[in-house]
Amino acid sequence: MNEGKRFEQKFRASLNQCGFILRIPDKLIMRGGHLLSEQTEADFIAVVGDETYLIECKAVGAKSLPYKNVKEHQEQSLHEFDHAGKHSHGILAVEFYDRKRYGSRNDMFLMPIETWLAFKDEENRKSMPIAVFEERGVKCPYEKGKYVLDFRAWSA
């Protein structure tokens, strides 16, 4: 299993602690005898209290998340969801992991899609460094094998 799928599993287990979560299944098609996945809008829909979140999970074994890792259709879906209503939020959940020790403690952040898009527009870069996630995102501590997710920043 790749690191992205492992992170999605850890994220889901963490979110089960604080709200309702629905995994958006990958769209699979058979082409030329091979099973291929098609584009999905995001990974999860979550309801925490009165707030609803569309969440795309990304795991990266580097000190920055390349813009190309978040596909244009994912950015668009998160952006549209974010503007669907006062209690709708498009969120990137990003895990920065150590390639040599994946099972060890990693850094995970929740980043509003609008913050991601604004940084991309402002900066002449190809990626968003972990320092920007630390400055503009919400860091989620890792305790007892799960992330502690804090959605209070988006509560109305």
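Predicted model, so just to flag it, every value in this text is computed and none were measured.

Taken across its nine residues, strand 7 (residues 88-96) has nine buried, putting it largely inside the fold. Burial along strand 7 is two-sided: the face carrying Ser 88, Gly 90, Leu 92, Val 94 and Phe 96 and the face carrying His 89, Ile 91, Ala 93 and Glu 95 are both buried. Where strand 7 meets strand 8 (residues 107-112), six bridges bridge the pair, whose relative direction is antiparallel. The partner of Glu 95 across the bridge, within strand 8, is Met 108.

All right, on to the sheet that holds strand 8 then. The six strands are arranged 1-4-5-7-8-10 in an open sheet whose pairing can be described as mixed. Taken across any chain shown, the strands that pair with only one partner, and hence form the sheet edges, are strand 1 (20-23) and strand 10 (138-140). For this sheet the average axis-to-axis angle between neighbouring strands, irrespective of direction, equals 25°.

Attention now goes to the packing of aromatic side chains. Summed over all chains, the structure comprises five aromatic pairs. Ring geometry for Phe 96 against Phe 109: centres 6.0 Å apart, planes inclined by 75°, an arrangement best described as edge-to-face. Of the two residues, Phe 96 sits in strand 7 while Phe 109 sits in strand 8, which places them 13 residues apart along the sequence. In terms of burial, Phe 96 and Phe 109 fall into one category: buried. On the basis of an interplanar angle of 70° and a centroid distance of 5.2 Å, the ring pair of Phe 96 and Phe 133 is categorised as edge-to-face. Within this pair, whereas Phe 96 is found in strand 7, its partner Phe 133 is found in helix 4 (residues 130-136), the two being separated by 37 residues in sequence. With respect to burial, Phe 96 and Phe 133 carry one shared label: buried. Chaining the aromatic ring pairs together yields one cluster made of Phe 96, Phe 109 and Phe 133.

Conventions adopted
- Every chain is numbered independently, its residues counted from 1 as its sequence is written.
- Where totals are concerned, whole chains, interfaces and linings use all residues; where local detail is concerned, this predicted model gives features only for residues with pLDDT of at least 70, and gives and counts side-chain atom pairs only at 80 or more.
- Only hydrogens and water are set aside when side-chain values are computed; all heavy atoms of the structure are taken into account.
- Accessible area is worked out with a 1.4 Å probe on protein chains only. A residue is then buried under 20% of its type maximum, exposed over 50%, and partly exposed in between.
- Counting from the N terminus, the helices are DSSP H or I runs at least four residues long and the strands are E runs at least two residues long.
- Whether two strands pair comes down to DSSP finding at least two bridges between them.
- The angle between two axes is taken between their N-to-C directions and runs from 0 to 180 degrees, where each axis is a line fitted to C-alpha atoms and a helix contributes only its stretch in contact.
- In summary, the pairing rule links any two rings of Phe, Tyr or Trp, Trp by its six-membered ring, whose centres are within 6.5 Å, and it sorts them by plane angle into stacked for under 30 degrees, edge-to-face for over 60 and tilted for everything else.

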